Amino acid sequence: MEMHIANDTGRLSHDLAAWLSDYIKDVLSKQDRFTFVLSGGSTPKQLYALLAESPYKEAIDWQKIHFFWGDERAVPFEDSRNNAKMCYDELLNKVPVNPAHIHIMRTDIGPEESAIEYEKVLKEYFNDPEVTFDFVLLGMGDDGHTLSLFPGTEVIHEERAWVKAFYLPAQEMFRITLTAPVVNSAACVAFLAAGAGKAETLKHVLKGEPNIDLYPSQIIKPVKGQLHWFVDQAAAGNL
Ligand SMILES: O=C(O)[C@H](O)[C@@H](O)[C@H](O)[C@H](O)COP(=O)(O)O
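Reference entry: report on the structure contained in this document. (Residues numbered from 1 in each chain as written. Predicted model: local features only at pLDDT ≥ 70, side-chain atom pairs only at ≥ 80, totals over all residues. Heavy atoms only, no water.)

### A short note on the sheet that holds strand β4 (residues 71-73)
Here is the rule we go by: Here the rule is simple: two strands pair whenever DSSP picks up at least two bridges between them. By definition, any uninterrupted DSSP run of H or I lasting at least four residues is a helix, any uninterrupted run of E lasting at least two residues is a strand, and each is numbered from the N terminus. Only the stretch in contact is used when a helix axis is fitted, and all axes are lines through C-alpha atoms; the angle between N-to-C directions ranges over 0 to 180 degrees. Residue contacts follow a heavy-atom distance rule, with two residues in contact if any of their heavy atoms lie within 4.5 Å.
The strand order β4-β7-β6 describes an open sheet built from 3 strands, whose pairing is antiparallel. Of all strands in the sheet, those with a lone pairing partner are β4 and β6 (163-168), marking the two edges. The average angle at which neighbouring strand axes cross in this sheet is 20°, direction not considered. Note: β6 against strand β7 (residues 173-178), 6 bridges, orientation antiparallel. Each residue of the ladder has a partner; that of V163, found in β7, is L178. Sheet strands touched by helix α5 (residues 111-125): β6 and β7. Its angle to β6, the strand with the most contacts, is close to 160°.

In structure tokens form, the structure reads like this:
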């Protein structure tokens, strides 16, 4: 595991943008597509805004990038809580991507159906289940959740399905999420976490006893791939 700590979220977003741009370039020098899982939440907005500007807008070969999502809130696309909508607004509408390479988790159909459909899309891409995405961007909630793997939910333990839908009573909504096995088969996973609200949780996730039911982010351990944590000083405060 590699830690990257920056003074503040602005610096952190710059560091990750620069690191990611180099990583994409390196991967694309060896293969002709790059599969990228985007994250929802508020923290990545600055990163997406940077990627949509110079020098990254020109430096990244956007046509070769295929986009996926780690999780989705089952609300209409136009709803401001929709993770895909946020990524379009901040990034995808601003860079020259190929629309055919964008794979959102659909919310115009039932969540269970959407999860089944998404799993099919993924299985068409990745015929070797041991090798999936080139890059997965993850956030961590103040409660230690990542993706839609919330503390105490059954989906944390899912071993077979790649994508699951379930009802989250605390938020009164359905969620659609990638499961741990498909993320742990990625070539590279990076958490982006910022703010003092995450400091205590981050200490438990990284230094505490294993307890994935309480701190689901602990379940993310790529089997063969790299794991990076990009955190600001405030979130790293208790490490
Ligand atoms: O749909 C979601 O809720 C997100 O995908 C979620 O997993 C997010 O990444 C974390 O909650 C961190 O969110 P912040 O960046 O807003 O702290």
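### A closer look at the nonpolar core
Worth spelling out the cut-off: Here the nonpolar core consists of buried residues drawn from Ala, Val, Leu, Ile, Met, Phe, Trp, Tyr and Cys, with membership extended through side-chain atoms lying within 4.5 Å. Residue exposure (1.4 Å probe, protein chains only): buried if accessible area is under 20% of the type maximum, exposed if over 50%, otherwise partly exposed.
With 80 residues, the main nonpolar core has F67, W69, F133, F135 and L178 as its most contacted residues. Looking at which element gives the most residues to this core, the answer is helix α1 (residues 9-28), with 9 residues.

### Topic: the pattern of salt bridges
Selection criterion: We define a salt bridge as a contact between a side-chain nitrogen of Lys or Arg and a carboxyl oxygen of Asp or Glu at a distance within 4 Å.
In total, this model carries 13 salt bridges according to the counting rule given. In this structure, R106 and D108 form a salt bridge, with 2.9 Å as the shortest nitrogen-oxygen distance. E130 is the partner of K224 in a salt bridge, and the nearest nitrogen-oxygen pair spans 3.2 Å. Within this pair, whereas K224 is found in the loop between α7 (199-207) and β9 (226-232), its partner E130 is found in the loop between α5 and β5 (135-139), the two being separated by 94 residues in sequence. Judged by its relative accessible area of 62%, K224 falls in the exposed class.

### Re the packing of aromatic side chains
Centre distance and the angle of the planes are the two values used to describe a pair of aromatic rings. Our working rule: Any pair of Phe, Tyr and Trp rings, taking the six-membered ring for Trp, is counted once the centres come within 6.5 Å. Such a pair is stacked with planes under 30 degrees apart, edge-to-face with planes over 60 apart, and tilted for the rest. Geometrically, a lysine NZ or arginine CZ counts as sitting over a ring once it is within 6 Å of the ring centre and also within 35 degrees of the ring normal.
Tallied over the entire structure, the rule returns 17 aromatic pairs. For the ring pair Y23 and F135, a centre distance of 6.1 Å and an interplane angle of 55° mean the geometry is tilted. You can see Y23 sitting in helix α1 and its partner F135 sitting in strand β5, a full 112 residues away along the chain. Overall, Y23 belongs to the buried group, its relative accessible area being 10%. Judged by its relative accessible area of 0%, F135 is buried. Aromatic rings pair up to connect W19, Y23, F34, F36, W62, F67, F135 and F230 into one cluster. The ring of W162 is capped by K123, whose NZ or CZ atom sits 5.0 Å from the centre of that ring.

Interpretation in functional terms is not warranted from these geometric data alone.
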